[in-house]
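These are the residues of each chain, in order.
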Amino acid sequence: MKLAWLRSLETSHHDCVWACTWLPATDKSSGLLLTGSLDETVKLWNPDDLSLVRTNTGHCLGVVSVAAHPSGKIAASASMDSFVRVFDVESNNTIATLEAPPSEVWQMQFDPRGTTLAVAGGSSASVKLWDTAEWKLIAALSIPRPEGSKPSDKGNNKKFVLSVAWSPSGRQLACGSMDGSISVFDVQRAKFLHHLEGHTMPVRSLAYSPLDPRVLVSGSDDERIHMYDAEGKTLCSSMSGHSSWVLSVDVSPDGAAIASGSSDRTVKLWDPKMRAAVQTMTNHTDQVWGVKFEGGARGSLLASVSDDKSISLYNYS
């Protein structure tokens with residue numbers, strides 16, 4: 001397994017780029033890269049040459065997260081302005097505006113079938129689930145207090161929810177918190193299942209293996225990447241190699257590799273079987289907020305975005 005650098009775009013946005021994801025191909029368009037920036041815009045890019053396809057405006061503060069609907073026709077952007085904007089990719093028309101109190105909109109992800117949008121609820125210590133047919137709030141999955149804590153404890157702030165990931169089946173949802181814990185829910189029953197322990201600092205990113213629904217990967221400010229059996233509640237491996245916070249993780253389409261982005265300015269490729277990093281990319285000059293694999297007709301691409309305002313693309317093989 002290896003990454004081969006393909007191309008970079010130095011000033012893709014006017015400010016730090018905090019989020020990226022891939023829009024699946026549609027009958028009208030090949031797959032596009034979607035990025036969100038503190039410059040308040042969301043941009044769509046053609047990965048073949050990193051040419052700009054469209055710039056979407058609509059937020060009045062920085063964009064912290066972007067999500068792509070499985071259909072490739074709808075996307076969502078979350079901003080520090082306390083709104084999630086759902087828009088038509090082709091026309092940029094707003095489909096829905098989902099409101100949330102300040103500091104209650106962080107990472108978000110559509111479920112694999114596209115029927116639900118999960119939004120990590122920040123200081124509300126919950127994950128909000130929105131129905132994508134009518135854009136109504138259908139559930140708020142609350143993170144339970146740790147055992148032994150009293151209601152009077154001011155421990156709720158520590159359950160500030162930063163990250164969220166759906167299992168490949170869409171049956172389970174994992175969310176990472178400021179205190180280092182990961183909570184797993186049965187979505188259909190809206191039931192908390194268990195915590196996954198091991199991190200000692202905020203869990204900023206989560207990703208399930210696309211091939212094995214039990215495997216959940218996490219990245220944390222404790223500089224470590226963990227691989228869990230999310231159903232068996234066990235920590236399978238803990239990998240270290242970054243010299244600062246791990247801000248983003250993703251699992252390759254073949255399930256054989258993990259990519260990570262860090263505030264140490266590097267992108268790393270990991271072999272879970274070796275429990276070690278096998279490659280380090282140093283294209284970026286500032287912290288790397290997002291890494292995301294795309295598995296399509298082109299083969300597998302990896303995108304990374306950074307505070308240095310740039311986008312980098314790599315071929316994964």
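Please read these numbers as outputs of a predicted model, since none were measured by experiment. (Residues numbered from 1 in each chain as written. Predicted model: local features only at pLDDT ≥ 70, side-chain atom pairs only at ≥ 80, totals over all residues. Heavy atoms only, no water.)

Describing the UniProt feature "repeat: WD" (unreviewed entry) in the protein
For clarity, the cut-off: UniProt positions are given in the numbering used here, feature names are shortened, and annotations may be inferred rather than shown by experiment. Under the scheme used here, helices are H or I runs from DSSP no shorter than 4 residues and strands are E runs no shorter than 2 residues, and both carry numbers assigned from the N terminus.
UniProt tags residues 10-55, 56-97, 154-195, 196-229, 239-280 and 281-317 as "repeat: WD" (unreviewed entry). Secondary structure across residues 10-55 comprises 0% helix and 50% strand; the distance between its end C-alpha atoms is 17 Å. In residues 196-229, helix accounts for 0% and strand for 56%; the two terminal C-alpha atoms are 9 Å from one another.

Examining the sheet that holds strand β21 (residues 234-240)
Cut-off, in case you're wondering: Note on pairing: DSSP must find at least two bridges between two strands before they are called paired. Interaxial angles span 0 to 180 degrees and are taken between N-to-C directions of axes, which are lines fitted to C-alpha atoms, for helices over the stretch in contact.
Read from one edge to the other, the open sheet built from 4 strands follows the order β18-β19-β20-β21, with strand pairing classed as antiparallel. The open sheet has two free edges, formed respectively by β18 (203-208) and β21, since each of these has just one partner strand. Strand-to-strand twist in this sheet, taken as the mean axis angle between neighbours without regard to direction, amounts to 20°. As paired strands, strand β19 (residues 215-220) and strand β20 (residues 224-229) are joined by 5 bridges and run antiparallel to one another. In the strand pairing of β20, Val217 is matched with Met227.

A few points about the packing of aromatic side chains
Here is the rule: Two aromatic rings from Phe, Tyr or Trp, using only the six-membered ring of Trp, form a pair when their centres are within 6.5 Å; if the ring planes differ by under 30 degrees the pair is stacked, by over 60 it is edge-to-face, and anything between is tilted. For each residue, the accessible area found with a 1.4 Å probe, counting protein chains only, is set against the maximum for its type, and the residue is called buried under 20%, exposed over 50%, and partly exposed in between.
One pass over the structure, following the stated rule, counts 5 aromatic pairs. Measuring from centroid to centroid gives 4.7 Å for Trp18 and Trp289, while their planes differ by 35°, and the two rings are tilted. Residue Trp18 is located in strand β2 (residues 17-23), and its partner Trp289 is located in strand β26 (residues 288-296); the two are separated by 271 residues in the primary sequence. An angle of 70° between the planes, with centres 5.7 Å apart, marks the rings of Phe185 and Phe192 as edge-to-face. Here Phe192 falls in the partly exposed class, since its relative accessible area comes to 26%.

Some thoughts on a nonpolar patch on the surface
Rule in force here: Nonpolar side chains (Val, Leu, Ile, Met, Phe, Trp, Tyr) within 5 Å and like charges within 9 Å form the patches, drawn only from residues with over 30% relative accessible area and no salt bridge. Computed with a 1.4 Å probe, the accessible areas rest on the Shrake-Rupley method; for each residue, only the protein chains presented here act as cover. By convention in these notes, a salt bridge is any Lys or Arg side-chain nitrogen within 4 Å of a carboxyl oxygen on Asp or Glu.
Judged by side-chain polarity, Met1, Met274 and Val278 come together as a nonpolar surface patch covering roughly 280 Å² of accessible area. Among the residues examined, Val278 registers a relative accessible area of 36% and is labelled partly exposed.

Considerations on the pairing of strand β4 (residues 42-46)
Counting buried residues in β4 gives 4 out of 5 residues, a clear majority hidden from the surface. What sits between the antiparallel neighbours strand β3 (residues 32-37) and β4 is a turn of 4 residues, in which Glu40 has the positive phi angle 80°. Sheet analysis places β4 next to strand β5 (residues 51-56), joined by 5 bridges and oriented antiparallel. By the bridge assignment, Trp45 is partnered in β5 with Leu52. In textbook terms, the turn of a hairpin is the stretch between consecutive antiparallel strands, and for β4 and β5 this stretch comprises 4 residues, one of which, Leu50, has a positive phi near 55°.

Focus: the sheet that holds strand β17 (residues 191-196)
Across the sheet, which stays open at both edges, the 4 strands sit in the order β14-β15-β16-β17 with antiparallel pairing between neighbours. Two strands bound the open sheet, and with one partner strand each, they are β14 (161-166) and β17. Going across the sheet, the axis of each strand differs from the next one's by a mean of 25°, ignoring polarity.

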